[in-house]
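Geometric and topological summary
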Amino acid sequence: MSPLAHVLALPVRAYRMVASPWVGHGCRFQPTCSAYALEALERHGGIKGGWLTARRVCRCHPWGGHGFDPVPGAKQTPQD
């Protein structure tokens, strides 16, 4: 993981440890936005991973999408 990606992942990890247990598990997407962010940062680095994360978080609203939304370039889970 690049240094920028590592720095950008810190608030995501903090959110997962501190706020996520209080907010609940009502994410509209699979994987969750925080899991998506960590995977995007690890896979694509700080700049592109940060951009993908920002795009995903902006789609996470009541009128946004839902369902399976993997990180681009990630292995696809076979559907039954």
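Look above for the structure.
Values in this document were obtained by computation on a predicted structure and should not be read as measured data. (Residues numbered from 1 in each chain as written. Predicted model: local features only at pLDDT ≥ 70, side-chain atom pairs only at ≥ 80, totals over all residues. Heavy atoms only, no water.)

What follows covers the nonpolar core. Among the nonpolar cores identified, the biggest contains six residues, and these are Ala5, Ala9, Val12, Ala37, Leu38 and Leu41. Mapped by element, the contributors of at least two residues to this core are helix H1 (3–18) and helix H3 (33–59). (Core = buried A, V, L, I, M, F, W, Y, C linked by side-chain atoms within 4.5 Å. Buried < 20%, exposed > 50% of the residue type's maximum accessible area, 1.4 Å probe, protein only. Helix = DSSP H or I, 4+ residues; strand = E, 2+ residues; numbered from the N terminus.)

Take the packing of aromatic side chains next. Enumeration according to the criterion identifies zero aromatic pairs in this entry. Directly above the ring of Tyr36 sits Arg56, whose terminal nitrogen or CZ lies 4.5 Å from the centroid. (Phe/Tyr/Trp six-rings, centres within 6.5 Å; stacked < 30°, edge-to-face > 60°. Lys NZ or Arg CZ within 6 Å of the ring centre and 35° of its normal.)

Tracing the backbone shows His44 in helix H3. Residues in contact with His44, not counting those within four places in the same chain, are Gly49, Leu52, Val71 and Pro72. Separated by 2.7 Å, the side chain of His44 and the backbone oxygen of Pro72 make a polar contact. (Contact = heavy atoms within 4.5 Å. Polar contact = N/O pair within 3.5 Å; in protein donor to acceptor, adjacent residues only side chain to side chain.)

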